[in-house]
Amino acid sequence: MFVYIIISIVCLLVIYKIYFKLTVGWCRCNVCLVGKTVLVTGANNGIGYETACDMAKRGAKVILACRNEKRAKDAMRRIIEETDNKNVSYKIVDLGSLESVREFAKEIISCEDRLDILINNAGMQAPGIRHMTEDGLHPIMAVNYFGPFLLTNLLLDLLKKSAPSRIVNVASFAAKSSKFTKLADINTFQSMYDVYSRSKLCNILFTISLHEKLQSTGVTTYTLHPGAISTNMTHQMQPGFKNILDFCLYWMFKTPIEGAQTTIHCAVAKNIEKYSGSLFSDCRIVELYKTAKNPELAKGLWSLSEKLVKLE
Ligand SMILES: NC(=O)c1ccc[n+]([C@@H]2O[C@H](COP(=O)([O-])OP(=O)(O)OC[C@H]3O[C@@H](n4cnc5c(N)ncnc54)[C@H](OP(=O)(O)O)[C@@H]3O)[C@@H](O)[C@H]2O)c1
């Protein structure tokens, strides 16, 4: 009896895996990016690494924005080796520090003539962090939302100068279940999931407001859920929970290259400009989550964010 149960479970898993593989969205667009500059945050690992690799294969000048020099250098070397594109470099930024983001943006503006695609991919989940950053922000909110908010705003002139250009914000399905409705709760901590889902909802609300502000500039913006992917996202979790989640992610969910497809689609697909401000999943537009259908919250979040990151 026990053997039959195990066999049934294994069969179900295999069927699910086959169904899952067949329904993964792939970016089939062969757009060439020679002459274009692409900046990818969190590009040394996971989805960000695969996205940067794809951009390099298309001939773009690729800048890997990473927080750790050794990991960044290693990723750069691997991408150059894999793609033969020598126009790949890295720059260091800690998205959890507003000062670091400002320094980084200053360097990009002074070194680069253009920026065609900005991909805000970096993200973190870490349990139990209750302290605030030096800027008075919750660390998960700082890395996943406030850092990218500031970075994007500081690079807007360069993006406008390079129009048509794009900004891609990697969010998550987790935003769908966020309880965030009051701006006063922006930096509170109840659980890791609570802060993480809030940060991802903020990525979506940010994209909606950004799209409105970018009307007739030639800069468009998209947000997306990459899927559930087997990456390093779990490395800071409790060992027991991490092992179970890693096992599930490995067997049941996407590989990093599959997880990068929707980001790549939003970055390069032709004729999607009319969908600026939209949410994508599996390379298709999906309906905005109910939690994100809150124009007042989106508007208020923008003003509050400007204040908290001290954007002039
Ligand atoms: N994996 C999933 O199932 C899933 C699902 C939905 C959404 N997402 C989103 O997809 C994005 C990429 O996730 P992933 O799964 O590829 O994760 P990952 O493998 O852990 O990669 C995250 C990247 O962000 C970087 N990063 C973290 N903190 C940073 C900081 N303070 N400053 C600069 N960079 C920092 C990491 O650098 P280090 O290597 O130095 O830590 C790493 O390169 C995230 O925004 C995540 O929220 C992932």
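Procedures and definitions
Per chain, residue numbering runs from 1 following the sequence as it is written. Residues qualify for local features only when their pLDDT is at least 70, as the model is predicted, and side-chain atom pairs are given and counted only at 80 or more; totals for whole chains, interfaces and linings, by contrast, use all residues. Where side-chain values are given, they derive from all heavy atoms of the structure, hydrogens and water being excluded. For helices the rule is a DSSP run of H or I covering at least 4 residues; for strands it is a run of E covering at least 2, with both sets numbered from the N terminus onward. For every residue, the accessible area (1.4 Å probe, protein chains only) is compared with the maximum for its type, and the residue is labelled buried under 20%, exposed over 50%, or partly exposed between those bounds. Under the rule applied, a polar contact is a pair of N or O atoms within 3.5 Å (in protein, one hydrogen donor and one hydrogen acceptor; residues adjacent in sequence only if both atoms are side-chain atoms). By the convention used here, residues are in contact when the closest approach between their heavy atoms is within 4.5 Å. Any residue with a heavy atom lying within 4 Å of a molecule or strand is counted as near it. Between N-to-C directions, angles cover 0 to 180 degrees, with each direction set by a line fitted to C-alpha atoms, over the stretch in contact for helices. By the definition adopted for this analysis, an angle is roughly parallel if under 35 degrees, roughly antiparallel if over 145, roughly perpendicular if from 65 to 115, and oblique otherwise. Helix crossings fall into two classes, left-handed where the near helix is turned counterclockwise from the far one by less than a right angle and right-handed where it is turned clockwise. For this classification, the nonpolar set comprises Ala, Val, Leu, Ile, Met, Phe, Trp, Tyr, Cys and Pro, the charged set comprises Asp, Glu, Lys and Arg, and every other residue, Gly included, is treated as polar.

All right, on to the side chain of Thr223 then. You can see Thr223 is positioned in strand E6 (residues 219-225). A relative accessible area of 0% places Thr223 in the buried class. A distance of 3.0 Å separates the side chain of Thr223 from the backbone oxygen of Asn169, its partner in a polar contact. Not counting residues up to four positions away in its chain, the partners in contact with Thr223 are Asn169, Ala171, Asn203, Ile204, Thr207, Ser278, Leu279 and Phe280.

Close to the ligand lie 27 residues; Asn44, Arg67, Asn121, Tyr196 and Thr231 are nearest. Gly42 is positioned such that a nitrogen or oxygen atom in its backbone is 3.2 Å from an oxygen atom of the ligand. A distance of 2.9 Å separates an oxygen atom of the ligand from a polar side-chain atom of Lys200. When residues of the shell around the ligand are traced back to their parent elements, those giving at least two are helix H2 (46-57) and helix H6 (192-213).

With that settled, the discussion passes to the packing of H2 against helix H3 (residues 69-83). Packing of H2 against H3 leaves a shortest axis separation of 10 Å and a crossing angle of 40°. By the angle between their directions, the pair H2 and H3 is classed as oblique. As H2 runs across H3, the sense of the crossing is right-handed. Only Ala75, Arg78, Ile79, Glu82 and Thr83 of H3 make contact with H2, whose side of the interface consists of Tyr49, Ala52, Cys53, Ala56 and Lys57. Here the contact of H2 with H3 is composed, by residue class, of six nonpolar, one polar and three charged.

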